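# Structural overview for review
The primary structure of each chain is shown beneath.
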Amino acid sequence: MEPIIVTEDLKKTYRIGKVMVQALRGVNLIVQEGEFVAIVGPSGCGKSTLLHLLGGLTTPTSGKLFIDGNDFGSMSDGERTRFRRHKIGFVFQRFNLLPTLTARQNIRMAQHIQGNGFNPHRFQAIVDMLGLHDKLEQRPYALSGGEQQRVAFARAVICEPKILLADEPTGNLDSENSQVVLDMMRTINRSFRQTILMITHNPEAAAIADRTVRMRDGHIISD
Amino acid sequence: MVSKMIVANVLHRPIRTIVSILAVAIEVGMVLLVVGMTNGMLHEGAKRVEGVGADVMVQPPGASFFLGLTVAPMPIKLADRLQEVPHVQAVAPVLLHFNTTNGLNLMYGIDMASFDSVSGGFVYYEGGPLQHPDDILVDDWYAKANKNKLGQTLNLINHDFHVAGIVEHGKGARIFIPIQTMQTLMGAHDKASIFFVKCTDPGYTDDVVDSFESLLPKYQIMPVRQYMSMMTSNSLPALTDFVRAMICVAVGIGFLVIFLGMYTTITERTREIGILKSLGASKTYIVQAILEEAALLGGVGIVAGCIGTILARRLVMIYFPTISVDPLDGAWVLRATLLAIGGTLVGAFYPALRAAQLDPVDALAYE
């Protein structure tokens, strides 16, 4: 089976003021469908940049990037946006829920943007799996960190993405909620063969993944 | 779903929402009130001239279209010559003066008998006709605005007058004094500014006008109906320019406030825009969402502006009874609506475009 993610000598350079920063200096990575991969490394090693490239939020400076057989490097912003809408889900450290909407509306927003209409069965299945029944009408400010992250997960998976990209999903949670989120991710991966890439500083979080990729200074140093 | 997000965003920032709605409401209100007041005062002034009951107006050569802005070079004895013209029933000489005490009001110096012959007589709410040189008649709107009572002393043109009567509005001016008194005060002995002429039958108006033009070739002789047709803003280019200038100011205010409001909103919601982009929202989606939000604010502002205009009109009529404001005109409500919506969308367009072009990575990292 063809890998779902392939990068070849992937590089990304940012301009910050007058300074050019090489965030990625040639990353070669292959991820198979259904894999749960943890990406670990010190701050500034390029983990988030790699995630942003894989999610199509930004473009590589050079190198190749194939997601589900699509050459991201040659796609326009509009094409990547369309691809992301249907095939990629994001979970962030800061949850990033829309503050003026309820949990239900936050989850449904993903379906609305995707444009395939509201799927009530999928919605209910996700809500059941994540235990969000009595939280759906609450706004984010009324939810705990763990609850917000569960809503964020629901939003990320409601549209059945090919890849789930999680940027430090337990970074803002206590250990108890962190465990809940990690268990949830493992369940999603095992039950639905969801491909997951997770950035983390937490060795315990990394331990639940099938595979750990270590990065330093914009390179993968071990896989 | 987008409408829920838009409504939630609008309610989440109540001060910004209220200010934006107010700006659009003021924009709409300014347009409608300026048009209503200019047309209202024009129409009301014209109706009062019509209310004199004359069929023809005779003014000296070079007289202003605006009654009261003309000096009084016509000898009052001209009335006798005009009276002799066939089909003339009555001629009323009037000396005009613009009074600037307690606002701007046109005063008529009249000969009671001839004015009654042309107008059919005043309707007296209180008191009676002018009988003494210092008598004054005021109409009911003027009396209400200035809290005048029967018997009260009024000082106008540096002269004390005695309120002899309060009459129904609608007969030319709001203030009437004896023509001889006006002549003395203005130093215009035996002079008149205008002759109001009533025909034996309105059907003879054109004949009478022709006769007058033969008799007084250089004088301004006009049927009252022609005067009435000229008293529209379209016939007064300067007034049209004034209205247009006020509309531009109003639209400019609305545009600037919406622009600033939406620009601030976009800055505050940078991260939210990043979230939407991470979910796969296209640039078009984001532009559309922001324009819809602006349109919602504009729509509510338009309704508030129309309601505000109706209320403002009522207040003006209560507290400034001599100022006329025409009621809301459907065509102008539509114009004001289109201007407001257009200004709102144009004002929101640049912020919307900016939002759509935000880098999602930067937006997500925004604090």
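Here the structure is a predicted model, which is why all the values come from computation and not from measurement.

Procedures and definitions
Residues numbered from 1 in each chain as written. Chains lettered and ligands numbered in written order. Predicted model: local features only at pLDDT ≥ 70, side-chain atom pairs only at ≥ 80, totals over all residues. Helix = DSSP H or I, 4+ residues; strand = E, 2+ residues; numbered from the N terminus. Axes fitted to C-alpha atoms, helices over the stretch in contact; angles between N-to-C directions. Parallel < 35°, antiparallel > 145°, perpendicular 65-115°, else oblique. Left-handed = near helix turned anticlockwise from the far one by under 90°. Contact = placed C-beta atoms within 7 Å. Nonpolar A, V, L, I, M, F, W, Y, C, P; charged D, E, K, R; others polar. Buried ≥ 20, exposed ≤ 12 C-beta atoms within 10 Å, placed from the backbone. Arc of directions from axis to C-beta. Pairing = 2+ DSSP bridges. Core = buried A, V, L, I, M, F, W, Y, C linked by C-beta atoms within 7 Å. Domains from an automatic or database assignment.

### With respect to unusual backbone geometry
The phi torsion of most residues other than glycine is negative, and most of the peptide bonds are trans. All names here are of chain A. We note that asparagine 96 has phi near 55°; this positive angle belongs to a residue other than glycine. Examined against the element boundaries, asparagine 96 turns out to sit in the loop between strand S6 (88-91) and helix H3 (103-114). In this model, aspartate 217 sits at a positive phi of 50°, which is unusual for a non-glycine residue. Tracing the sequence through the fold places aspartate 217 in the loop between strand S9 (211-216) and strand S10 (219-222).

### Concerning the packing of helix H2 (residues 14-51) of chain B against helix H12 (residues 330-356) of chain B
Residue and element names in this part refer to chain B. Remark: H2 packs on H12, axes separated minimally by 10 Å, with the N-to-C direction vectors making an angle of 150°. Relative to H12, the element H2 lies roughly antiparallel. Helix-helix and strand crossings are classified by hand; for H2 and H12 the assignment is right-handed. Facing Val24, Glu27, Val28, Val31, Leu32 and Val35 of H2, the residues of H12 in contact are Trp332, Val333, Ala336, Leu339, Ala340, Gly343 and Thr344. For the contact of H2 with H12, the class distribution of residues is 10 nonpolar, two polar and one charged.

### Topic: helix H4 (residues 120-130) of chain A
All names here are of chain A. Regarding H4, the residues found buried are Ile126, Val127 and Leu130. With its buried residues spanning 100° around the axis, H4 presents them on a single face. Set apart from the buried face of H4 by more than 90 degrees, the exposed residues are Pro120, His121, Gln124 and Asp128. A positive backbone phi angle near 65° is found at glycine 131, which sits one or two residues after H4.

### Re helix H10 (residues 270-278) of chain B
Residue and element names in this part refer to chain B. In terms of burial, H10 is a largely internal element, seven of the nine residues being buried. The complete set of buried residues in H10 reads Glu272, Ile273, Gly274, Ile275, Leu276, Lys277 and Ser278. Just downstream of H10, glycine 280 is the residue with a positive phi angle, here 105°.

### Topic: the sheet that holds strand S1 (residues 5-16) of chain A
All names here are of chain A. With respect to topology, four strands assemble into an open sheet ordered S2-S1-S4-S5, the strand pairing being antiparallel. At either end of the open sheet lies a strand with only one pairing partner, and these are strand S2 (19-31) and strand S5 (70-71). Pairing of S1 with S2 involves 10 bridges; the strand directions are antiparallel. Bridging across to S2, lysine 11 finds its partner in arginine 25.

### A short note on the sheet that holds S10 of chain A
By way of backbone hydrogen bonds, the strands of a sheet pair with one another, either parallel or antiparallel. Residue and element names in this part refer to chain A. With respect to topology, six strands assemble into an open sheet ordered S6-S7-S8-S3-S9-S10, the strand pairing being mixed. Only two strands of the sheet have a single partner each, and these edge strands are S6 and S10. Taking the axes of each pair of neighbouring strands and ignoring which way they run, one obtains an average angle of 25° across the sheet. Looking at chain direction, strand S7 (residues 163-167) and strand S8 (residues 195-199) are connected through five bridges and run parallel.

### Concerning the nonpolar core
Formed by 108 residues in total, the largest nonpolar core has its most connected members in Ile39, Ala154, Leu165, Leu197 and Met198 of chain A together with Val31 and Ile286 of chain B. If we skip the residues at most four places from it in the chain, isoleucine 286 of chain B touches Ile273, Leu276, Ala281, Ala355 and Ala356 of chain B. Residues Val49, Ala54, Ile166 and Ile194 of chain B belong to the second largest nonpolar core, which totals 51 residues.

### Looking at the domain arrangement of chain B
Under the domain assignment used here, chain B contains domain 1 (2-43 + 236-365) and domain 2 (61-218). Put simply, the middle of domain 1 of chain B and the middle of domain 2 of chain B, counted by C-alpha atoms, are 48 Å apart.

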